[in-house]
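So the chains spell out like this:
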Amino acid sequence: MANVKVAVRVRPLSKRENAEEGRIIVEVDNKVAKVRNIKVDNRLDGPWDSREKIVAFSFDYCYWSIDPEDPKYASQEVVFQDLGTSVLSGAFKGYNICLFAYGQTGSGKTYTMMGTPASVGLTPRICEGLFSRQDDYSEQPASCRVEVSFLEIYNERVRDLLKQSDHKKPYTLRVREHPETGPYVQGLSQHLVTDYKQVVGLLEEGIAKRITAATHIHDASSRSHAIFTIHYTQAILENNLPSEIASKINLVDLAGSERADPSYCKDRITEGANINKSLVTLGIVISTLDAVCCMFVF
Ligand SMILES: Nc1ncnc2c1ncn2[C@@H]1O[C@H](COP(=O)(O)OP(=O)(O)OP(=O)(O)O)[C@@H](O)[C@H]1O
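Because the structure is a prediction, the values reported are computed rather than measured. (Residues numbered from 1 in each chain as written. Predicted model: local features only at pLDDT ≥ 70, side-chain atom pairs only at ≥ 80, totals over all residues. Heavy atoms only, no water.)

K.L.:
Help me understand the pattern of salt bridges in this model?
P.N.:
Oppositely charged side chains are able to pair whenever their charged atoms sit close together. All told, the structure shown has nine salt bridges when counted by the stated rule. Here D29 and K34 are joined by a salt bridge, their closest N and O atoms 3.7 Å apart. Residue D29 is classed as partly exposed on the basis of its relative accessible area of 45%. For E205, the salt bridge goes to K209, with nearest N and O atoms at 3.6 Å. Here E205 and its partner K209 are both found in helix 5 (residues 196-209), four residues apart, which amounts to about one turn of the helix. According to the relative accessible area criterion, K209 is partly exposed, its value standing at 24%. (Salt bridge = Lys/Arg side-chain N within 4 Å of Asp/Glu carboxyl O. Buried < 20%, exposed > 50% of the residue type's maximum accessible area, 1.4 Å probe, protein only. Helix = DSSP H or I, 4+ residues; strand = E, 2+ residues; numbered from the N terminus.)

Spelled out as structure tokens, the structure:
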């Protein structure tokens, strides 16, 4: 899967982790993340010795986002410059692109994808990039159209985050498959936007409606998968004839995988089971795509 890039990001310890005297067991060295197994010989403290086990994993990008004073600190801007600009350049060339954040609950997916008002994440930055196109990517189009939609998948059911839904039956959208364009969500609202401010308004509206709940690890854990889709259509002249380049950008903030905890209430347990089930399925899909892809590479 040559067109797939994988990045890993290390976030700072949370207040709770600091209070519990948590330790960072990951180191980042260029494109390699090294995880130290502190359980070896139950040696929680003490000097490094040959029995300490380090497992190294390679990625396309490794981000160290612990301390802003650290020279190797990766800010939201650094992450955007690597990942967001390639999304934009792909979209400008007419490719469909999917960027998703995957990880354990509380690991920093929403922070990276959405960010905070003081530290804006990938999704709003990518939208801003579409409107303030100052690129060297390709020829500028005569005009372009941007339409967005925002949905969440909660307990395997789909809800439009940008449409007032029936309170009794909010999760009623159906996923269908079009013979030519592939899977789509029937009845999902599409919103034409003409500037960055409008996109931010819609993003805030959708984020506010998304289901969150407190878990042992994270006070505001997202309990659903959220998909923000941008349909980007460029009007161009091809051989002096009007034509269009259409691309679709899916920006996905997945719910976090978590360990089943019998002390949770029934809702949390059901949510957790559905989250884990869908993430395992996603893993199977990616492995299968990889296997199929390898079969045809000669
Ligand atoms: N790179 C970072 N720098 C500073 N704070 C971060 C960073 N990443 C995450 N955080 C903070 O850590 C907490 C958890 O992050 P976040 O909500 O993004 O986790 P999540 O993976 O989306 O969790 P869940 O799957 O439970 O929804 C938040 O308070 C967030 O502000």
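Now that the structure is up, let's keep going.
K.L.:
Would you mind going over the environment of G256 with me for this structure?
P.N.:
By the secondary structure assignment, G256 is in the loop between strand 17 (241-253) and helix 6 (266-295). In the structure, G256 is positioned 19 residues away from I275 in sequence and 7.2 Å away in space, judged by C-alpha atoms. Contact partners of G256, with chain neighbours within four places excluded, come to G103, Q104, T105, K109, S222, I275 and L279. (Contact = heavy atoms within 4.5 Å.)

K.L.:
How should the sheet that holds strand 3 (residues 32-37) be read in this particular structure?
P.N.:
By way of backbone hydrogen bonds, the strands of a sheet pair with one another, either parallel or antiparallel. On the basis of which strands lie adjacent, the open sheet formed by three strands has the order 2-3-4 and antiparallel pairing. The sheet terminates laterally at strand 2 (26-29) and strand 4 (53-58), the two strands that pair on one side only. On average, each strand axis in the sheet is tilted by 25° relative to the strand beside it, whichever way the strands run. Of the strand pairs in this sheet, strand 3 and strand 4 are connected by six bridges, and their pairing is antiparallel. When the bridges of strand 4 are listed, R36 appears paired with I54. (Pairing = 2+ DSSP bridges. Axes fitted to C-alpha atoms, helices over the stretch in contact; angles between N-to-C directions.)

K.L.:
Would you take a moment to explain the packing of helix 4 (residues 122-131) against helix 5 for this structure?
P.N.:
The relative placement of two packed helices comes down to the angle between their axes together with the axis-to-axis distance. One way to put it is that helix 4 packs onto helix 5 with a least axis distance of 9 Å and a crossing angle of 155°. Between helix 4 and helix 5, the crossing angle belongs to the class labelled roughly antiparallel. The two elements helix 4 and helix 5 meet at a crossing, and its hand is right-handed. Contact with helix 4, carried on its side by T123, P124, C127, E128 and F131, involves Y196, V199 and L203 of helix 5 and no other residues of that element. Tallied by class, residues from the contact of helix 4 with helix 5 come to six nonpolar, one polar and one charged. (Parallel < 35°, antiparallel > 145°, perpendicular 65-115°, else oblique. Left-handed = near helix turned anticlockwise from the far one by under 90°. Nonpolar A, V, L, I, M, F, W, Y, C, P; charged D, E, K, R; others polar.)

K.L.:
Would you mind going over helix 2 (residues 76-92) with me for this structure?
P.N.:
Given 3.6 residues per turn, any residue in an α-helix points the same way as the ones three and four places further on. At D82, helix 2 is bent by approximately 35°, the largest bend along its length. Where burial is concerned, most of helix 2 is hidden: 12 out of the 17 residues are buried. Those residues of helix 2 not exposed but buried are Q76, V79, F80, L83, G84, T85, V87, L88, S89, G90, A91 and F92. (Bend = angle between axes of the 7 residues up to and from the residue.)

K.L.:
Where do I start with the UniProt feature "binding site: ATP" (unreviewed entry) in the protein chain in this structure?
P.N.:
The positions that UniProt labels "binding site: ATP" (unreviewed entry) are, in the present scheme, G103, Q104, T105, G106, S107, G108, K109 and T110. Mapped onto the elements, G106 comes out in the loop between strand 6 (97-101) and helix 3 (109-113). What makes G106 buried here is its relative accessible area of 17%. Secondary-structure assignment places K109 in helix 3. Here K109 is in contact with A101, Y102, G103, Q104, D253, L254, A255 and G256, once residues within four sequence places are set aside. (UniProt positions renumbered as here; feature names shortened; annotations may be inferred.)

K.L.:
What am I meant to see in the site of the ligand here?
P.N.:
Taken together, 16 residues surround the ligand, and among them T105, K109, Y111, S221 and S222 come closest. Take T105: an N or O atom from its side chain is 2.5 Å from an oxygen atom of the ligand. A distance of 3.1 Å is found between an oxygen atom of the ligand and a backbone nitrogen or oxygen belonging to G256. The protein chains hide 80% of the 630 Å² of surface that the ligand would expose on its own. Counting only elements with at least two residues in the shell around the ligand, the list comes to helix 3 and strand 15 (221-222). Per-element tally for the shell around the ligand: the top contributor is helix 3, with three residues. Here the residues of the shell around the ligand sort into two nonpolar, 11 polar and three charged. (Near = heavy atom within 4 Å. Polar contact = N/O pair within 3.5 Å; in protein donor to acceptor, adjacent residues only side chain to side chain. Areas by Shrake-Rupley, 256 points an atom, 1.4 Å probe, with all protein chains shown as cover.)

K.L.:
Help me out: how do you make sense of the pairing of strand 2 in this one?
P.N.:
When strand 2 meets strand 3, the two strands line up antiparallel, connected through four bridges. Directly across from V28, in strand 3, lies its bridge partner A33. Here strand 2 folds back onto strand 3, and the loop between the two strands holds two residues, one of which, N30, carries a positive phi near 55°.

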